[in-house]
Amino acid sequence: MKILVTGGAGYIGSHTVVELQNTGHNVVVIDNLSNSKEIALQRVSQITNKPIDFYNIDIRDFNALDKLLDKYSFDCCIHFAGLKAVGESVQKPLDYYDNNVGGTVTLLRALNKHNCKNIIFSSSACVYGNPKIIPITEECPKGLCTNPYGQTKHIIEEIMKDLQKCDSDWNIVLLRYFNPIGAHKSGTIGEDPNGIPNNLMPFITQVAVGKRPELNVFGDDYDTHDGTGVRDYIHVVDLARGHVSALKAIENKCGLEIFNLGTGNGYSVLDVVHTFEKVNNLKIPYVIKPRRAGDVPTCYSNADKAKKVLGWSAQFNLEDMCRDSWNWQKNNPNGYDE
Ligand code: NAD
Ligand code: UDP
């Protein structure tokens, strides 16, 4: 298929472009490079041995999208572009609503105009809020998002549902990601956060590489097996392959479908720390800190629907994720900066 990937220079986007190119799809990437670097796409090209058509376009720029869509005829759009820092979204809510919600509406308008009515959207498990039933199935009711970032995912999902309701030519797949970590096995692409990492794995790898003295573990008094928060970590390459599988639903004219992309396993913060230490033969010093505001105790998926409908399930385990995260960080101590 001919696929438009928005935000394709980012962490999940770049890994997905690898999997798309490796399975014979034809990819055009747009990204405004607000949270990524073009070198990531050069590395992708080295992995796949295929060139990438890249355009520096902001998804809020209707005219630029219009011109691009005049030039190419796409079978599907995979939409990653968005701002994703939870804390920053609390400080700058308007930026998040403008970029994520406004940008998505502009993108949908442009796609609609050019009759490209197939889209796969990066949603998040955060739309479940503090889940009442674990593991979480797609039928679980959505919950209260505690921050503007999560709200943008919830709102975009609802906009897409309304669009599909009013025009059944649209095929829309909402993928609710759990916690992507890891990196491509080459160690040449990976997660490259700006400043102090918000997420657990990049923080751990920065401790391992000597950039930070110790990990702060946010809370050890949750009702979990060791008191620390439990999440469903998924290898980013598995997640990327989930998008390739989701194209099948689009091809089958699915209407609107929602899939969890997770492994179905829950691991605590200390499980991750100890697995990382074991597989990489390293020590990660940590200190217990108070709970982080807005965190839920436990969040992991039931991923049966994706297996049944798409034939997709995660292949990599936590050891693989810890090994590959470290392989990326140790080969690129400063991320994509030389
Ligand atoms: P990322 O920041 O690495 O990638 C997002 C990309 O979008 C970046 O390259 C950025 O430059 C680009 N972008 C942002 N705003 C843009 C705009 N207006 N126009 C064009 N490009 C723009 O993030 P990621 O981790 O790869 O996440 C990809 C998507 O998945 C995001 O929508 C994110 O919210 C969602 N998601 C991520 C996670 C996670 O833990 N990483 C979990 C759930 C959902
Ligand atoms: N976490 C932590 N220290 C950190 C970052 C995260 O203890 O420096 C914990 C966090 O409280 C949660 C888990 O690790 O229990 C996963 O957090 P992350 O921010 O990676 O993902 P999310 O909150 O989106 O699930």
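Our structure's up above, just so we're on the same page.
Residues numbered from 1 in each chain as written. Chains lettered and ligands numbered in written order. Predicted model: local features only at pLDDT ≥ 70, side-chain atom pairs only at ≥ 80, totals over all residues. Heavy atoms only, no water.

### Here we look at the site of ligand 1
Cut-off, in case you're wondering: Any residue with a heavy atom positioned within 4 Å of a molecule or strand is treated as near that molecule or strand. Think of a polar contact as two N or O atoms within 3.5 Å of one another; within protein, one of them needs to be a possible hydrogen donor and the other a possible acceptor, and neighboring residues in sequence only count if both atoms come from side chains. Only the protein chains shown count as cover for residues, and the accessible areas themselves come from Shrake-Rupley with a 1.4 Å probe. Helix and strand labels come from DSSP, where a helix needs a run of H or I of at least four residues and a strand needs a run of E of at least two; each type is numbered from the N terminus. Gly is put with the polar residues, along with every residue not named as nonpolar or charged; the nonpolar set is Ala, Val, Leu, Ile, Met, Phe, Trp, Tyr, Cys and Pro, and the charged set is Asp, Glu, Lys and Arg.
Near ligand 1 there are 27 residues, and of these Ile12, Asp31, Asn35, Ser36 and Tyr149 occur at the shortest range. Within the side chain of aspartate 31, a nitrogen or oxygen atom sits 2.6 Å from an oxygen atom of ligand 1. With respect to ligand 1, the backbone of asparagine 32 contributes an N or O atom lying 3.1 Å from a nitrogen atom. Considering ligand 1 on its own, with 820 Å² of exposed area, one finds that the protein chains cover 95% of that surface. Where the shell around ligand 1 is concerned, the elements lending two or more residues are α1 (11-22), β5 (118-124) and α6 (148-166). Looking at the shell around ligand 1, the element that brings in the most residues is β5, giving three residues. When its residues are assigned to classes, the shell around ligand 1 shows 11 nonpolar, 11 polar and five charged.

### Side note on the pairing of strand β4 (residues 76-79)
Rule in force here: Burial classes: relative accessible area under 20% of the type maximum marks a residue as buried, over 50% as exposed, and values in between as partly exposed (1.4 Å probe, protein chains only). In this scheme, strands are said to pair when DSSP sees at least two bridges between them.
Burial along β4 is two-sided: the face carrying Cys76 and Ile78 and the face carrying Cys77 and His79 are both buried. As paired elements, strand β1 (residues 2-6) and β4 share four bridges and run parallel to each other. Across the sheet, the residue bridging to isoleucine 3 is cysteine 76, located in β4. Pairing between β4 and β5: three bridges, direction parallel. Bridged to histidine 79 within β5 is phenylalanine 121.

### Quick notes on the site of ligand 2
Around ligand 2 there are 15 residues in total, and Leu200, Asn216, Arg231, Arg292 and Asp295 lie nearest to it. With respect to ligand 2, the side chain of asparagine 199 contributes an N or O atom lying 3.1 Å from an oxygen atom. At a separation of 2.8 Å, an oxygen atom of ligand 2 approaches a polar side-chain atom of arginine 292. When contributions to the shell around ligand 2 are tallied by element, the ones reaching two or more residues are α7 (200-208) and β8 (215-218). The leading source of residues in the shell around ligand 2 is β8, at four residues. Of the residues contributing to the shell around ligand 2, the split by class is seven nonpolar, five polar and three charged.

### What about the packing of aromatic side chains?
Defined as follows: Only Phe, Tyr and Trp rings are paired, with Trp represented by its six-membered ring, and only when their centres lie within 6.5 Å; those with planes under 30 degrees apart are stacked, over 60 edge-to-face, the remainder tilted.
By the definition in use, this model includes five aromatic pairs. With a centroid separation of 6.0 Å and an interplanar angle of 75°, the aromatic rings of tyrosine 55 and tyrosine 72 are classed as edge-to-face. Note that tyrosine 55 is positioned in strand β3 (residues 53-55) and tyrosine 72 in the loop between α3 (62-71) and β4, a separation of 17 residues in sequence. What makes tyrosine 55 partly exposed here is its relative accessible area of 23%. Owing to a relative accessible area of 14%, tyrosine 72 belongs among the buried residues under this scheme. Connected via pairs of aromatic rings, a cluster forms that spans Tyr55, Tyr72 and Phe74.

### Some words on the sheet that holds β1
Note the cut-off: Here, axes are lines fitted to C-alpha atoms. For helices the fit covers the stretch in contact, and angles between N-to-C directions go from 0 to 180 degrees. Residues are treated as being in contact if the distance between any of their heavy atoms lies within 4.5 Å.
Strands sit in the order β3-β2-β1-β4-β5-β6-β11 across an open sheet of seven strands; the sheet is parallel. Of all the strands in the sheet, the pair left with one neighbour each is β3 and β11 (256-261). Geometrically, the sheet is characterised by an average inter-axis angle of 20° between neighbouring strands, direction not taken into account. Bridge count for strand β6 (residues 171-177) against β11 is six bridges, and the pairing is parallel. Paired with isoleucine 172 across the strands is leucine 256, a residue of β11. On the sheet, α1 packs against β1, β2 (26-30), β4 and β6 and is oriented at approximately 165° with respect to β2.

### Here we look at the nonpolar core
Under the convention used in this document: As used in this record, nonpolar core signifies buried Ala, Val, Leu, Ile, Met, Phe, Trp, Tyr and Cys residues forming a set joined through side-chain atoms within 4.5 Å.
Among the nonpolar cores identified, the biggest contains 42 residues, and Val5, Leu20, Val29, Ile120, Val173 and Leu175 are the most heavily contacted of them. Counting residues per element, this core draws most heavily on helix α8 (residues 236-251), which supplies eight residues. When residues no more than four places from it in sequence are discounted, the contact partners of valine 173 are Ile119, Ile120, Phe121, Ala246, Ala249, Ile250, Cys254, Glu257 and Phe259. Judged by nonpolar contacts, the second largest core, of 28 residues, contains Val28, Leu65, Ala81 and Val101.

### Observations regarding the sheet that holds strand β12 (residues 267-268)
Overall, mixed pairing links the three strands, which are arranged β12-β9-β14 in an open sheet. The outermost strands of the open sheet, each flanked by one partner alone, are β12 and β14 (298-299). Judged from the two bridges that link them, strand β9 (residues 230-231) and β14 form a sheet pairing that is parallel. Residue pairing for β14: valine 230 is matched across the bridge by threonine 298.

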